[in-house]
Every structure is written in C-alpha cells, then in structure tokens.
Amino acid sequence: MCKSLYKLKVSILRKILVFGNSGSGKSTLSKRLSADEYLAHLDLDTLAFRKESPTERRDIEETLKDVFLFLEDNDDWVIEGGYADIFEKILSHANEMIYLDLSVKNCQENARNRKWEPHKYQSKEAQDKNLDMLINWISDYNSRDDSFSASAHNRIFDQFPGNKKRFTSNQTIT
C-alpha cells in the first residue's frame, strides 16, 4: 500500500499599508508588490480628492466608504498613501506596514525624477507645473503637524501591532 503525502500550500493573506512622505516611493513599491504578489492595489490619492477639483480633499467619511468597499472586495491588497487619518481607521484590517522614511532630500530628488502619473494629471506638463509646490510640501514634512507629517506617520507606525518595516533608503527595499 502506497501512501501519498500531499503538501498543502498555506498562503497567508497579505494586507499591506505603505506610507511616507511625498516622493518616498510609495507608488513604485506598491505597484511592484501588487504585480509580484498578485495583490489588489489602492492608491489613496484616487479616492481622497474631488474629481472636479483635484486639489480639494473629499470629506474623510466619503473617502472611507470607498476604502471600506475596496477592503470588502479584496482579500489580498496593498494600500498606499500619506493619509495617517485614513490609515488610523483601517489599521485593524492590515497585517503588514511599510514606512518609507526617506530623507527630505531623497524624496525631493525622487519627485523631480517622477514619471507622469496619468491618474493624477492630464499631462506630464500639468504634473510639472505642480513640481515647485510639491518640492516645498516635501520640505515641510518634518515640521508639519497634519495627517501627512512625519509626526503622524511615526505615530501610526508606533501603534501598529503587526509586522512592520521602516526603510530609510529606496535601495534597501527588497
């Protein structure tokens, strides 16, 4: 009598939050994770701002309704953004966290080299018109006290009980 042994592949659902300053590489990393790990991907920028006025933020409760729909519709996912106020509301749904805590200088360099983001801007020219504003925004990361600030991101990172990693360089992320 021959016994067959079957290996049961147990896969752990990945529910990853990726955050950091503008220009830290959130989108690049999240897209890579999504493709490599077959994770649903949500860029919070696509939900957080009004479509008719892309520089004006939607009410957080409206945004959260859409985020929770995404969570209901997907088992494995990666959500990216700088929105500590949104992350606070969904921390209990995540089991991993990645904090891209790069220097302001590195984030500014990344922003200057950023490819066109068609989901945010109608053209590369329109994106580049915002570059000076973005560079200034990035430089205020450590002095601001809003949901996009270093202090808010450190608070979220410190309170998260799951698997978490902090990277200070894009080169260290594997």
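Caption draft 1: Spotlight on the nonpolar core. Residues L17, L44, V67, W77, I79, F87 and M97 are the most contacted members of the largest nonpolar core, which totals 29 residues. Breaking this core down by element, the ones donating at least two residues are β1 (15-20), β2 (40-43), α2 (45-48), α3 (60-73), β3 (77-80), α4 (84-90), β4 (96-100) and α8 (150-159). Once residues within four sequence positions are removed from consideration, W77 is found in contact with R14, K15, I16, L17, L39, A40, F70, L71, H93 and A94. Listed in part, the 16 residues of the second largest apolar core include I98, V104, I135 and F167.

Caption draft 2: Up close: the layout of surface pockets. Within this model, the largest pocket holds a volume of roughly 1500 Å³. Lining the largest pocket are 46 residues, and of these D45, R114, E117, K120 and Y121 lie nearest its centre. Of all the secondary structure elements, the ones that give two or more residues to the lining of the largest pocket are α1 (26-37), α2, α5 (104-112) and α7 (131-139). In terms of residue class, the lining of the largest pocket is built from 13 nonpolar, 19 polar and 14 charged.

Caption draft 3: Highlighting the packing of α5 against α7. Running from amino to carboxyl end, α5 crosses α7 at an angle of 165 degrees, the nearest separation of the two axes being 9 Å. In terms of orientation, α5 lies roughly antiparallel with respect to α7. In terms of crossing hand, the pair formed by α5 and α7 is right-handed. Only L131, L134, I135, I138 and S139 of α7 make contact with α5, whose side of the interface consists of V104, C107, Q108, A111 and R112. Of the residues in the contact of α5 with α7, the class split is 7 nonpolar, 2 polar and 1 charged.

Caption draft 4: Expanded view of the side chain of S22. If you trace the backbone, S22 turns up in the loop between β1 and α1. Of note is the side chain of S22, whose polar atom sits 3.3 Å from the side chain of W137. Once residues lying within four places of it in the same chain are set aside, the contact partners of S22 are C107, R114, L134, W137 and I138.

Thresholds applied
Residues numbered from 1 in each chain as written. Predicted model: local features only at pLDDT ≥ 70, side-chain atom pairs only at ≥ 80, totals over all residues. Heavy atoms only, no water. Core = buried A, V, L, I, M, F, W, Y, C linked by side-chain atoms within 4.5 Å. Buried < 20%, exposed > 50% of the residue type's maximum accessible area, 1.4 Å probe, protein only. Helix = DSSP H or I, 4+ residues; strand = E, 2+ residues; numbered from the N terminus. Contact = heavy atoms within 4.5 Å. 1 Å grid on protein atoms, 1.4 Å probe; cavity = no way out; pocket = protein on both sides within 12 Å on 5 of 7 lines; lining within 4 Å. Points joined across faces, edges and corners; volume = space filled by probe spheres on them. Nonpolar A, V, L, I, M, F, W, Y, C, P; charged D, E, K, R; others polar. Axes fitted to C-alpha atoms, helices over the stretch in contact; angles between N-to-C directions. Parallel < 35°, antiparallel > 145°, perpendicular 65-115°, else oblique. Left-handed = near helix turned anticlockwise from the far one by under 90°. Polar contact = N/O pair within 3.5 Å; in protein donor to acceptor, adjacent residues only side chain to side chain.

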